[in-house]
Amino acid sequence: MDIRKRIRTFLLVFGCLLLFSVCKAQEKKRPNFLFVLIDDQSPFDLKLYDRTSILETPTIDKLAEQGMVFESVRHMGSMNGAVCTPSRHMIMTGRTLWHLPPSAEFQQQTGFHPLDTMTIGAIFNRAGYSTMRTCKEGNSYPGANRQFTVVKDKTKRGGTEESGSAWHAEQVLTYLGEREQADKKDPFFIYFGFSHPHDPRNGTPDLLDKYGAINHKDEETIPPANPRQPALPANYLPAHPFHHGHPDLRDETRVSGVWERRDENTVRNELGRDFACSENIDTQLDRVLQKLEAMGELENTYIIYTSDHGMAMGRHGLVGKQNLYEHTWRVPFIVKGPGIKPGTRVEGNIYLLDLLPTFCELAGIKTPETVQGESFVPVLKGEKQTIREVQYGVYNGGTKPGIRTVKKGDWKLIKYDVMDGAVRETQLFNLAQNPNEYLAEHKKSGNEMLTDLAENPKYAAKLREMEALLLEQMKLHDDPYTLWDQPRVSK
Ligand SMILES: [Ca+2]
């Protein structure tokens, strides 16, 4: 071989090696994901969304300082008393409420549904990610859950390390430890779900004591008052002004420690239990974040913190998740990761079903055509404040057609068509003026906007506009029902 040929061969080999190492370096840069999903947490439990809250969550606060906090994140709703279930289907599939796998299959799906392969675990496995999940069992989407390569699911709602939230953290720590041992370099997607603060809210003894609460089990008595308990929520009522529309609903009648009681002692004790569980979750999250940092993976990991839906916990005289007030329709939402400006706060106007297309875009994966949500990467990049103007919500798990809501800008409409026509109610709120959605029963004076404005003639045009918007959204999302005062649509 003459010298020129040798040089050419050398350059060719060198070039190939260089290209290979560049490709490897780029591959190495694919981000990891730690998706943290809480079971039943109102955004207003957190100081981030209610400055008066006494719940201490240093890890979540730090995450917020280093990432982006979203104000307006909602789940689209439920056609099922178990609101968790469709919420988790929407997260896993990126599909809207009325386009989920049939509800009859929700609770005990054992068979195969074609959509199962278009869910988070399956998509990320195909893209070369290592996937792992830990979460509660039940009221979920089994066909999607089993797509993750490593699955450590168990319902953990006890007050000890083995029976409570620490167990879920242990599963993630073990998984990360094994990756470290095996020196694995591929990116990972970890679905880090908790079983709390969903009831029974059995906090650890030290945290129950901190929030002045006891695990109250005697239905005949009310729990003792304690000054360390959280105060009653600002929009607390001893009873909801009309029937919520779901007779014998478990969450409003049979939750241990609360039952049908709405007195101050019961509500404050249960909030104390809720806070004890939430602070423990914060501690467990910190353990996992510290491990990621020690492994050198923290900077290249998107951390997404949210809940499957909110909770009433005494607000508006309700304690469950089967309503569409802000405390329950909204969820806490924080994202930290590469390229996200620390300490930012945005409106967002996103649904939980927008998560999957966002994950895909951040990972450089083509979003499947089955997805109906929209990526909010432009918001994460600081290019946009919101990805849509209008948001629509449903509760249809009790009497039909149920409850509907629509929000646009500062205005929000809620309509109740329940109990076979016995309850037909309309509420109109200006959320900028009345973020707590005070009703006449809250007896707030000084600002005429601090109430439901549906019957105030000054806002009749706004009411008509919001009602038209609701009808439009119901049609857009293929809502199969019509409310009493809406025109019947033949399908
Ligand atoms: Ca839940």
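These figures come from a predicted structure and were not determined experimentally.

1. Section: the sheet that holds strand β10 (residues 344–346)
Next, step 1: Spatial strand order, β6-β5-β7-β1-β8-β9-β2-β10: eight strands in an open sheet with mixed pairing. This sheet does not close on itself; its edge strands, each paired only once, are β6 (150–153) and β10. Here the average twist between neighbouring strands, direction ignored, is 10°.
Next, step 2: Pairing of strand β2 (residues 68–70) with β10 involves three bridges; the strand directions are parallel. Bridge pairing in β10 places M68 opposite T344.
Next, step 3: On top of the sheet, helix α2 (residues 58–66) reaches β2, β8 (301–307) and β9 (333–336); it is set at about 60° to β9, its chief contact.
Next, step 4: Here helix α6 (residues 165–181) sits on the sheet and contacts β5 (130–135), β6 and β7 (188–197); the angle it forms with β7, its principal contact strand, is near 170°.

2. Remarks on α2
Next, step 1: The set of residues buried in α2 consists of T59, I60, L63 and A64. Axial view of α2: buried residues confined to an arc of 140°, hence all on one face. Away from its buried face by more than 90 degrees, α2 exposes P58 and E65.

3. Focus on the packing of α6 against helix α9 (residues 264–294)
Next, step 1: Closest axis-to-axis distance for the α6/α9 pair is 9 Å, and the angle between their directions is 5°. Relative to α9, α6 is oriented roughly parallel. Residue-level inspection shows S165, A166, H168, A169, V172, L173 and L176 of α6 in contact with α9, the latter providing N280, I281, Q284, R287, V288 and K291.
Next, step 2: Class assignment of the residues belonging to the contact of α6 with α9 gives a composition of seven nonpolar, four polar and two charged.

4. Here's the deal with the nonpolar core
The nonpolar side chains of soluble globular proteins are, as a tendency, buried together.
Next, step 1: In terms of nonpolar packing, the biggest core is built from 102 residues, with V36, I120, I190 and I334 touching the most fellow members.
Next, step 2: Tallying contributions element by element places α9 first for this core, with eight residues.
Next, step 3: The residue makeup of this core includes at least three contributed by each of domain 1 (29–388) and domain 2 (392–476).
Next, step 4: Once residues lying within four places of it in the same chain are set aside, the contact partners of I334 are I60, L63, A64, G67, M68, V69 and Y305.

5. What to know about the confidence of the model for the protein chain
Next, step 1: Across the protein chain, the average pLDDT comes to 94, with 92% of residues at 70 or higher.
Next, step 2: When pLDDT is averaged over each helix and strand of the protein chain, the minimum, 58, is found for helix α1 (residues 3–28) and the maximum, 99, for β9.

6. Focus on the sheet that holds strand β4 (residues 77–78)
Next, step 1: Strand order in the open sheet formed by five strands is β4-β12-β13-β14-β15, with mixed pairing between adjacent strands. Each end of this open sheet is capped by a strand with a single partner; those strands are β4 and β15 (423–430).
Next, step 2: Bridging between strand β14 (residues 411–418) and β15 involves eight bridges; their strand directions are antiparallel. What sits directly across from D417, in β15, is R424.

7. Topic: the environment of K217
Next, step 1: You can see K217 is positioned in the loop between α7 (205–210) and α8 (250–253).
Next, step 2: Exposure remark for K217: the 10 C-beta atoms within 10 Å place this residue in the exposed category.
Next, step 3: When the C-alpha atoms of K217 and H196 are compared, they prove to be 18 Å apart, with 21 residues separating the residues in sequence.

Analysis parameters
- Residues numbered from 1 in each chain as written.
- Predicted model: local features only at pLDDT ≥ 70, side-chain atom pairs only at ≥ 80, totals over all residues.
- Pairing = 2+ DSSP bridges.
- Helix = DSSP H or I, 4+ residues; strand = E, 2+ residues; numbered from the N terminus.
- Axes fitted to C-alpha atoms, helices over the stretch in contact; angles between N-to-C directions.
- Contact = placed C-beta atoms within 7 Å.
- Buried ≥ 20, exposed ≤ 12 C-beta atoms within 10 Å, placed from the backbone.
- Arc of directions from axis to C-beta.
- Parallel < 35°, antiparallel > 145°, perpendicular 65-115°, else oblique.
- Nonpolar A, V, L, I, M, F, W, Y, C, P; charged D, E, K, R; others polar.
- Core = buried A, V, L, I, M, F, W, Y, C linked by C-beta atoms within 7 Å.
- Domains from an automatic or database assignment.
- pLDDT = per-residue confidence, 0-100.

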